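Each chain, written out:
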Protein chains: 6
Amino acid sequence: MEKKKAEVIQSWEIVFPNDANQLGTMFGGRLMAIMDKTAAIAASQYAGRPAVTASTEAMDFIHPVKVGDRILTQARVVWVGRTSMVVKVDVIAENPITHKRVHTTTAYFNFVALDRDGKPCEVPRLILETAEEHQEYQIAEIVKKKAIERKRHILEAKEQQNNAPEK
Amino acid sequence: MEKKKAEVIQSWEIVFPNDANQLGTMFGGRLMAIMDKTAAIAASQYAGRPAVTASTEAMDFIHPVKVGDRILTQARVVWVGRTSMVVKVDVIAENPITHKRVHTTTAYFNFVALDRDGKPCEVPRLILETAEEHQEYQIAEIVKKKAIERKRHILEAKEQQNNAPEK
Amino acid sequence: MEKKKAEVIQSWEIVFPNDANQLGTMFGGRLMAIMDKTAAIAASQYAGRPAVTASTEAMDFIHPVKVGDRILTQARVVWVGRTSMVVKVDVIAENPITHKRVHTTTAYFNFVALDRDGKPCEVPRLILETAEEHQEYQIAEIVKKKAIERKRHILEAKEQQNNAPEK
Amino acid sequence: MEKKKAEVIQSWEIVFPNDANQLGTMFGGRLMAIMDKTAAIAASQYAGRPAVTASTEAMDFIHPVKVGDRILTQARVVWVGRTSMVVKVDVIAENPITHKRVHTTTAYFNFVALDRDGKPCEVPRLILETAEEHQEYQIAEIVKKKAIERKRHILEAKEQQNNAPEK
Amino acid sequence: MEKKKAEVIQSWEIVFPNDANQLGTMFGGRLMAIMDKTAAIAASQYAGRPAVTASTEAMDFIHPVKVGDRILTQARVVWVGRTSMVVKVDVIAENPITHKRVHTTTAYFNFVALDRDGKPCEVPRLILETAEEHQEYQIAEIVKKKAIERKRHILEAKEQQNNAPEK
Amino acid sequence: MEKKKAEVIQSWEIVFPNDANQLGTMFGGRLMAIMDKTAAIAASQYAGRPAVTASTEAMDFIHPVKVGDRILTQARVVWVGRTSMVVKVDVIAENPITHKRVHTTTAYFNFVALDRDGKPCEVPRLILETAEEHQEYQIAEIVKKKAIERKRHILEAKEQQNNAPEK
């Protein structure tokens, strides 16, 4: 399988009145849609094929985004499996008056590459060069590991309750 | 603090060509926006105040949703802290020809209730009655615990690397 | 022909600045689009086939809806003919501060079920059980009867004028 | 009160994939939103004030509109009361290949003019000149009369049932 | 080739909060999208075929448009070549309180008519009758001539610089 | 006045069915809206203030963009006057199957910076460093010069006609 560097996909947007609640704070869901779009471009471009969102992890809204802010969304493939990719997405908000920039949101998106029949297919192997790329790779592995642990613990909790004597 | 039951918020939608990629599969981000909207209504209504998305966990796209499908999104507050709430969201897709329903997506949204100044404020305590409500509460706790563990492991990995001798 | 109960289709939405005029009052047309979408899901699901809007009757905007309100739209098939269905739609608005709910809008939508060639086709017969279901059925018949009378009176007025001596 | 002629408001649109169901037929609700927007401009311009939709009557979807069609929506105030106006709306669809035009939809919208406090306020009296304007006025009166009859018959049906001996 | 008169295509819109920046001034891009849509209908209808935008010239935003304004967009084919058309577009804004109308925007759009394979194809010859139509035709020729000159001057500047000795 | 370098603003988008005509070719107007949004961010960020579109010049759609293409829009301030800026915008389309990139569109946008009262206000002086930046500056001057010439020639044509003896 081909080896490949991952490109950063950038997208600037302006936050509009319809994107926000009554306090003027941007809806998480609107931001998620922008992050997913940017991540989908990063994943599809890396894989050279359509890619669909399989799950998201660790999506944290650290600082609120306000109506009128300019937001820069950046997405890059940071980890790859055989047919899946982890895309890290960061959002930076810029206040149009003070020009102050704040790191507002971060998330990990899992994408699966699909062939023409919609079946998962192999993706190129990822070339890691800088220390930052190695760190992002390692963090993505922690994120994946915790998701697997969580799934197992939830299953155990469900089984335990199902086996419990009726109240 | 007042005690309260949590209501289920339902929302039906139709999936349109613009919601999907070239394989006719609905974008994750479009679905996230619908889930967040429904979850925000559930959280705001429960809290009796505006509520903003703080993070999402365990968002799993189990089955693809297709153009033309009807989707039913259901959201309910399943866990509450002092100022925060966990909203569980499920999406069911209905094929318009076969009428077959599939459970396609599940996610946990963390919301924070805000007062008039945009500061976090207390929410009612949650009344749990059925076995299912108790189970959902317990699962939300697992989800939260794993998120905290993940945060700690990521911090440790970053510190370790920063302290490592320069390559 | 199969007999069937009609399900209630619910849809929650939030009213945004773009949905309203300068007085902050929601446009009727925006609400109509939401009502038609919800009614179309109710009709298509009942018929088990695509269904298209043939006409609307008695669409009354009783109370204004305001930006920031949460609105619950509910639709149910209340009357069926051979290939047509009447869907009653109600909209309830919830003030996000006072939590007061008001019944704001009501309407009757006529849908026709279509086969693969876009031709009208038969729909299941409707099972009526509760007193409310019988009343809704009866009201739908009044609505239909008045629409037929109106059509006839308009035709008569047109003919009368066309036959009148030139002024 | 001032007397005034009513202007025709025209609006051309193109029908997009997102406006239609799987048979390629435009959703009624999408068309209603366009009709209401055009009618609101006609009513507000006539009244010289904001105007809100109070009800719609006799909305008939005579011919289906298809994806790719160009549609011309025309709205004009045809009847006025003290604070209310009836706007007649017609939609003509033009096939982009055959250039054939079809009259697809017709509806009567009732609008109420509002002052700065959102209270109903007086509108100019309508100047009727042509035979067509007189006919439209007369038809609007029939439409209004039938709506009043319908309201009364529905009320009677409800009272009759409420007074009926319990089953 | 057939000869033909060009029809005026009109489109009324209301300016919404999402269409504007923080000063309440409508984005140029939103207006361009409305102008292009209206121009595309004028060109396609004139050509009797799909027509695509090849370029725009002399797009001038003379007066700002404000949230709440009603805008009337008017488009008409004013010049035709063998396969191309020039569509002049004007936008008039109407203040909803003062009812004052201002000519806010003007632009020239070049469209090319396409056959079924997406290849340019011939359009009808334009019938010019009024003095205004002759003037618009003459102005369109000036606009085209200046665009050709500009293209040539830019090319010359590029060549000159490429041939300049390295600094 | 402060001197400043101009940043490149990037924006990635995916082309959807609703963005295109029946031949699957993206509407010029949809692309203009994306270009204007990206240009507005570039201009506002450079000026450190809101900036509004005053005119566009030389907007050329060189290659058609197709549904499913990924498009990269890039905007940068290339020329500044006292209160106005010229932003050059380029659009590159990437075919999702072949990954071939094509330069599809180019345009020059004139923006004016505004103070809190909506009056034009001074912008920083532009630092030009690379040969490319000098060339872009020179081309922007040609574009401006031709726009001024065009305006004068159109005025002359209008006067000439007005002074012509009545036909």
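Cut-offs and rules
For every chain, the first residue of the written sequence is number 1, and numbering continues from 1 onward in sequence order. Lettering for chains starts from A, numbering for ligands starts from 1, and both go in the order in which the items are written. With pLDDT at 70 or above as the cut-off, local features in this predicted model cover only qualifying residues; side-chain atom pairs require 80 or more to be listed or tallied, and sums for whole chains, interfaces and linings still use all residues. Hydrogens are left out, water is left out, and the side-chain values use all remaining heavy atoms of the structure. Under the DSSP-based scheme used, a helix requires at least four consecutive residues in state H or I and a strand at least two consecutive residues in state E, with every element numbered from the N terminus. Relative accessibility under 20% of the residue-type maximum defines a buried residue, over 50% an exposed one, and the middle range a partly exposed one, all with a 1.4 Å probe and only protein chains included. Whether two residues touch is decided by their heavy atoms; if any such pair falls within 4.5 Å, the residues are in contact. Note on areas: Shrake-Rupley, 1.4 Å probe, and residue coverage restricted to the protein chains presented here. Here, a salt bridge means any side-chain nitrogen of Lys or Arg that lies within 4 Å of a carboxyl oxygen of Asp or Glu. For this overlay, a least-squares fit was computed on C-alpha atoms, restricted to residues scoring pLDDT of at least 70 in both copies. Defined in terms of a 1.4 Å probe, buried area is the accessible area two parts forfeit on being brought together, summed over both. Here a helix's expected span is defined as the number of its residues, less one, multiplied by 1.5 Å. Whenever two N or O atoms come within 3.5 Å, that pair is a polar contact, provided that in protein one can donate a hydrogen and the other can accept it, and provided that, for residues adjacent in sequence, both atoms are side-chain atoms. Only Asp, Glu, Lys and Arg are considered charged, only Ala, Val, Leu, Ile, Met, Phe, Trp, Tyr, Cys and Pro nonpolar, and every remaining residue, Gly among them, polar. Fitted lines through C-alpha atoms give the axes, limited to the stretch in contact for helices. The angle between two N-to-C directions lies from 0 to 180 degrees. When an angle is under 35 degrees it counts as roughly parallel; over 145 it counts as roughly antiparallel; between 65 and 115 it counts as roughly perpendicular; any other value is oblique. pLDDT: the predictor's confidence for each residue, scored from 0 to 100. Strands pair, by our definition, only if DSSP identifies at least two bridges between them. Stacked, tilted and edge-to-face are the three classes applied to pairs of Phe, Tyr and Trp rings, where Trp contributes its six-membered ring and a pair requires centres within 6.5 Å; stacked means planes under 30 degrees apart, edge-to-face means over 60, and tilted covers the rest. Put simply, a charge is over a ring when the Lys NZ or the Arg CZ is close to the ring centre, within 6 Å, and near the line of the ring normal, within 35 degrees.

1. Section: the overall build of chain A
And then number 1: In terms of regular secondary structure, chain A is built from 2 helices and 7 strands.
And then number 2: Its helices and strands in sequence order give chain A the pattern β-β-α-β-β-β-β-β-α, from N to C terminus.
And then number 3: By its C-alpha atoms, chain A is 60 × 55 × 35 Å across when sized along the principal axes.
And then number 4: Put simply, chain A has 167 residues, and 59% of those count as buried.
And then number 5: Looking at chain A alone, contacts between residues at least 24 apart form 73% of all its contacts between residues at least 6 apart.
And then number 6: Surface accessibility of chain A: about 7400 Å² in total, with carbon and sulfur atoms responsible for 51%.

2. Re the pattern of salt bridges
And then number 1: In this structure the tally under the stated criterion is 102 salt bridges over all chains.
And then number 2: Note that Arg101(A) is salt-bridged to Glu94(A), the shortest N-O span being 2.7 Å.
And then number 3: Residue Glu94(A) is classed as buried on the basis of its relative accessible area of 4%.
And then number 4: For the salt bridge of Lys37(C) with Glu13(C), the shortest nitrogen-to-oxygen distance reads 3.3 Å. Placement of Lys37(C) in helix H1 (residues 28-47) and of Glu13(C) in strand S2 (residues 9-14) is noted, with a sequence separation of 24 residues between them.
And then number 5: The class of Lys37(C) is buried, set by a relative accessible area of 14%.
And then number 6: For Glu13(C), a relative accessible area of 8% translates into the label buried.
And then number 7: Salt bridges sharing common partners tie together Lys145(A), Lys146(A), Glu149(A), Lys145(B), Lys146(B) and Glu149(B).

3. Regarding the relation of the copies chain A and chain B
And then number 1: Relative to chain B, chain A is turned by 180° and slid 0.0 Å along the rotation axis, the superposed coordinates differing by an RMSD of 0.0 Å. When the rotation and shift are considered jointly, the pair of chain copies conforms to a two-fold rotation axis.
And then number 2: The residues that chain A uses at the interface reappear at the interface of chain B in 100% of cases, marking a shared surface.

4. Points about the interface of chain A and chain B
And then number 1: Listed by partner, the interface residues are 40 residues for chain A and 40 residues for chain B.
And then number 2: For the pair chain A and chain B, the summed buried surface comes to about 3500 Å²; carbon and sulfur atoms form 61% of the total.
And then number 3: The largest contributions to the chain A side of the interface with chain B come from Leu23(A), Lys146(A) and Arg150(A), which together make up 16% of the buried area.
And then number 4: Scanning the region where chain A abuts chain B turns up 4 salt bridges.
And then number 5: The closest approach of N and O atoms between Glu149(A) and Lys146(B), which form a salt bridge, is 2.7 Å.

5. Concerning H1(C)
And then number 1: Its 20 residues give H1(C) an end-to-end C-alpha distance of 28 Å, which sits within 8% of 28 Å, the value for a rise of 1.5 Å per residue.
And then number 2: Here H1(C) lies mainly inside the structure; 18 of its 20 residues are buried.

6. Some thoughts on the relation of the copies chain B and chain D
Note on the chain copies: they are related by a rotation about an axis and a translation along it.
And then number 1: Superposition of chain B onto chain D requires a rotation of 120° combined with a translation of 0.0 Å along the rotation axis, giving an RMSD of 0.0 Å. In the structure described here, the two chain copies are related by an operation that fits a three-fold rotation axis.

7. Quick notes on the interface of chain B and chain D
And then number 1: Taken together, the contact between chain B and chain D spans 7 residues of the former and 5 residues of the latter.
And then number 2: Regarding the contact of chain B and chain D, the summed buried area is about 450 Å², with carbon and sulfur atoms giving 61% of it.
And then number 3: For chain B, the biggest contributors to the area lost against chain D are Phe16(B), Pro17(B) and Asn18(B); these three give 62% of the whole.
And then number 4: Our count for the contact surface shared by chain B and chain D stands at 0 salt bridges.
And then number 5: The interface formed by chain B and chain D includes 1 residue pair in polar contact (both at pLDDT 80 or more).
And then number 6: Class assignment of the residues belonging to the side of chain B that touches chain D gives a composition of 5 nonpolar, 2 polar and no charged.

8. Notes on the packing of H1(C) against helix H1 (residues 28-47) of chain D
And then number 1: Contact pair H1(C) / H1(D): the axes reach a minimum separation of 8 Å and the direction vectors enclose 175°. Here H1(C) is positioned roughly antiparallel relative to H1(D), judged by the angle of their axes. Contacts between H1(C) and H1(D) involve Gly28(C), Gly29(C), Met32(C), Ala33(C) and Asp36(C) from the first element and Gly28(D), Gly29(D), Met32(D), Ala33(D) and Asp36(D) from the second.
And then number 2: Considering only residue class, the contact of H1(C) with H1(D) consists of 4 nonpolar, 4 polar and 2 charged.

9. What to know about the confidence of the model for chain A
And then number 1: With 98% of its residues at a pLDDT of 70 or more, chain A has an overall mean of 94.
And then number 2: Scored as a complex, the prediction yields pTM 0.94 and ipTM 0.93.

10. Regarding the pairing of strand S6 (residues 101-113) of chain E
Residue and element names in this part refer to chain E.
And then number 1: Among the 13 residues that make up S6, 10 are buried, leaving the element largely enclosed by the rest of the structure.
And then number 2: With 8 bridges joining them, strand S3 (residues 51-61) and S6 adopt antiparallel strand pairing. Residue Thr-53 lies in a different strand from S6, and its bridge partner there is Phe-111.
And then number 3: Relative to S6, strand S5 (residues 84-94) runs antiparallel, the two being bridged by 11 bridges. Note that in S6 the partner of Ala-93 across the bridge is Val-102.

11. So, the arrangement of the chains
And then number 1: At no point do chain B and chain E touch; the closest pair of C-alpha atoms across them sits 18 Å apart.
And then number 2: Separated in space, chain C and chain F share no contact, their closest pair of C-alpha atoms being 18 Å apart.

12. Things to note about the pairing of strand S2 (residues 9-14) of chain B
All names here are of chain B.
And then number 1: The buried fraction of S2 is high, at 6 of 6 residues.
And then number 2: The side-chain alternation of S2 yields two buried faces, one formed by Ile-9, Ser-11 and Glu-13 and the other by Gln-10, Trp-12 and Ile-14.
And then number 3: In terms of strand pairing, S2 meets strand S4 (residues 70-80) through 6 bridges, oriented antiparallel. Looking at S4, one finds that Ser-11 is bridged to Thr-73.

13. Here we look at unusual backbone geometry
And then number 1: Of note, the phi angle at Ala58(D) is positive, near 55°, even though the residue is not glycine.
And then number 2: The exposure class assigned to Ala58(D) is buried, which follows from its relative accessible area of 4%.

14. Some points on the packing of aromatic side chains
And then number 1: Evaluation of the coordinates by the stated rule reveals 18 aromatic pairs over all chains.
And then number 2: Consider the rings of Phe109(E) and Phe111(E), whose centres lie 6.3 Å apart with planes at 25°: the pair is stacked.
And then number 3: It is Lys4(B) that lies over the ring of Tyr46(B); its NZ or CZ is 5.5 Å from the centre.

15. Some details on the environment of Lys146(C)
And then number 1: Residue classification places Lys146(C) among the buried residues on the basis of a relative accessible area of 4%.
And then number 2: Put simply, Lys146(C) and Glu57(C) are 89 residues apart on the chain and 9.5 Å apart in space, counted from C-alpha to C-alpha.
And then number 3: If near-sequence neighbours (up to four positions away) are discounted, Lys146(C) is found in contact with Lys146(D), Glu149(D), Arg150(D) and His153(D).

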